[in-house]
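One-letter residues, chain by chain:
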Amino acid sequence: MASFSTYKCVLAWACLALAAAAPAAPAVGGDGSGVFSAATAATATPAAVLTTAARVRLAASETYFEGMNQELAMDKVGAAGVPELLKLLADPAFERKDNVVAMLAYLGDDDQTEQALEQALGTLNPGKTDAEDRALLLVPHALGHMAQRGNERALRSLLAMTTDDSSVPADVADQALFGLALSHDARATERLLALATATAPAPAKLQHAQDRATVALDLAEPGQVPPEMLARVAEFQEMRQAEALARSRRYDQAVDNYLMAFREHITVSAEERTPDTAATAAATTTAATTTATAAAA
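One structure accompanies this document, and this report is about it. (Residues numbered from 1 in each chain as written. Predicted model: local features only at pLDDT ≥ 70, side-chain atom pairs only at ≥ 80, totals over all residues. Heavy atoms only, no water.)

Quick word on the overall build of the protein chain
Thought 1: Helix and strand counts for the protein chain stand at 14 helices and 0 strands.
Thought 2: Each helix and strand of the protein chain, placed in order from N terminus to C terminus, yields the pattern α-α-α-α-α-α-α-α-α-α-α-α-α-α.
Thought 3: Of all intrachain contacts in the protein chain linking residues separated by at least 6 positions in sequence, the fraction that spans at least 24 positions is 59%.
Thought 4: Within the structure as shown, the protein chain displays about 18000 Å² of accessible surface, and the carbon and sulfur contribution to it stands at 58%. (Helix = DSSP H or I, 4+ residues; strand = E, 2+ residues; numbered from the N terminus. Contact = heavy atoms within 4.5 Å. Areas by Shrake-Rupley, 256 points an atom, 1.4 Å probe, with all protein chains shown as cover.)

Take a look at the structure:
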């Protein structure tokens with residue numbers, strides 16, 4: 001009777017023979033054929049030998065804990081990868097469309113990218129996943145970066161989003177205000193100033209248009225404002241600071257009056273009290289006396 005070790009040897013050789021006879025797994029080709037897994041590609045295939053499509057898909061599938069920026073987008077994908085990003089944006093099965101939109105913000109410049117982003121506003125499903133929700137809200141920011149690089153269609157799209165004629169959801173229209181601030185364009189700054197100062201009617205869907213536009217302008221730095229708009233934006237920001245200071249002072253004074261009127265402070269004499277405080281204190285004393293008398297009765 002054969003020993004147990006003999007059976008193990010036979011089994012091992014059988015496994016090797018089956019592995020040798022098995023067909024090779026389909027590879028990812030330049031035409032996109034075959035099966036691709038971002039997880040297995042990262043461990044089994046050196047990045048240097050990945051096709052452009054596989055490399056872009058892998059980069060767009062990663063998690064970027066510190067966000068996306070120009071340098072990272074160029075390093076991971078580069079301008080040559082934009083066509084592949086557009087394919088992923090249109091692919092219903094690809095999940096990390098938020099990464100795709102964030103990368104296009106720094107890499108996409110042509111009208112084809114702008115059109116793809118506009119189309120995405122109608123195809124992205126924010127209720128599907130958190131990533132899809134983020135992708136939808138990032139579209140106006142991507143258009144703002146593209147407008148900053150001179151894409152006229154992107155700027156016109158953002159301006160249109162902040163009108164009553166726009167069909168985009170309200171939260172996307174809100175983000176369009178920040179997209180306008182990113183564009184560094186005089187027309188965009190003009191629109192933000194008009195909304196922030198309420199000199200132009202805000203779209204009905206933008207219930208907080210004045211606050212949003214104000215925040216967008218407050219965040220703008222001198223280098224991000226068109227030269228011809230610098231004086232007006234500076235004047236607006238100074239006005240905002242003055243209003244904030246005045247509100248702060250009024251609040252502090254109200255707090256002081258409250259404390260003086262309602263706390264028992266035996267060191268404050270009648271002469272040191274303001275007429276309003278003295279009157280309040282007298283009324284409080286009268287009320288307390290009345291209450292005590294009623295209780296005694």
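What to know about helix H9 (residues 152-161)
Thought 1: Considered for burial, the residues of H9 that qualify are Ala154, Leu155, Ser157, Leu158, Leu159 and Met161.
Thought 2: Tucked inside the fold, the buried residues of H9 contact helix H7 (111-123), helix H8 (130-148), helix H10 (170-183) and helix H11 (186-196).
Thought 3: The backbone nitrogen of arginine 153 lies 3.1 Å from a side-chain oxygen of the residue at the head of H9, namely asparagine 151. (Buried < 20%, exposed > 50% of the residue type's maximum accessible area, 1.4 Å probe, protein only. Polar contact = N/O pair within 3.5 Å; in protein donor to acceptor, adjacent residues only side chain to side chain.)

Notes on the layout of surface pockets
Thought 1: A volume near 270 Å³ is recorded for the largest pocket.
Thought 2: Every residue lining the largest pocket is counted, 16 residues in all, and those nearest its centre are Gly67, Met68, Asp98, Ala102 and Leu138.
Thought 3: Only helix H6 (97-107) and H8 provide two or more residues apiece to the lining of the largest pocket.
Thought 4: At 6 residues, the largest contribution of residues to the lining of the largest pocket is made by H6.
Thought 5: Each residue belonging to the lining of the largest pocket can be placed in one class, and the counts come to 8 nonpolar, 5 polar and 3 charged. (1 Å grid on protein atoms, 1.4 Å probe; cavity = no way out; pocket = protein on both sides within 12 Å on 5 of 7 lines; lining within 4 Å. Points joined across faces, edges and corners; volume = space filled by probe spheres on them. Nonpolar A, V, L, I, M, F, W, Y, C, P; charged D, E, K, R; others polar.)

Side note on the pattern of salt bridges
Thought 1: Applying the stated criterion across every chain yields a total of 10 salt bridges.
Thought 2: The salt bridge involving glutamate 84 is made with lysine 87; its shortest N-O contact spans 3.4 Å. You can see glutamate 84 and its partner lysine 87 sitting in helix H5 (residues 82-90), 3 residues apart, about one turn around the helix.
Thought 3: Glutamate 84 gets classed as buried once you look at its relative accessible area, which sits at 17%.
Thought 4: Between arginine 96 and aspartate 98 there is a salt bridge, with its nearest N and O atoms 3.0 Å apart.
Thought 5: The buried category is assigned to aspartate 98, whose relative accessible area is 5%.
Thought 6: Salt bridges sharing partners connect three or more residues here, namely Arg96, Asp98 and Arg134. (Salt bridge = Lys/Arg side-chain N within 4 Å of Asp/Glu carboxyl O.)

Focus on the packing of helix H3 (residues 52-61) against H5
Thought 1: In the contact formed by H3 and H5, the axes pass within 9 Å of each other and the chain directions differ by 60 degrees. Relative to H5, the element H3 lies oblique. In this structure, H3 meets H5 at a crossing whose hand is right-handed. The residues of H5 that touch H3, namely those facing Thr52, Ala53, Val56, Arg57 and Ala60, are Glu84, Leu85 and Leu88.
Thought 2: A per-class count over the contact of H3 with H5 returns 5 nonpolar, 1 polar and 2 charged. (Axes fitted to C-alpha atoms, helices over the stretch in contact; angles between N-to-C directions. Parallel < 35°, antiparallel > 145°, perpendicular 65-115°, else oblique. Left-handed = near helix turned anticlockwise from the far one by under 90°.)

Considering the packing of H8 against H10
Thought 1: Look at H8 against H10: their axes get within 8 Å of each other, and the N-to-C directions meet at 20 degrees. In terms of orientation, H8 lies roughly parallel with respect to H10. As H8 runs across H10, the sense of the crossing is right-handed. Only Asp171, Val172, Gln175, Ala176, Phe178, Gly179, Leu182 and Ser183 of H10 make contact with H8, whose side of the interface consists of Leu136, Leu137, Pro140, His141, Gly144, His145, Ala147 and Gln148.
Thought 2: Grouping the constituent residues of the contact of H8 with H10 by class yields 8 nonpolar, 7 polar and 1 charged.

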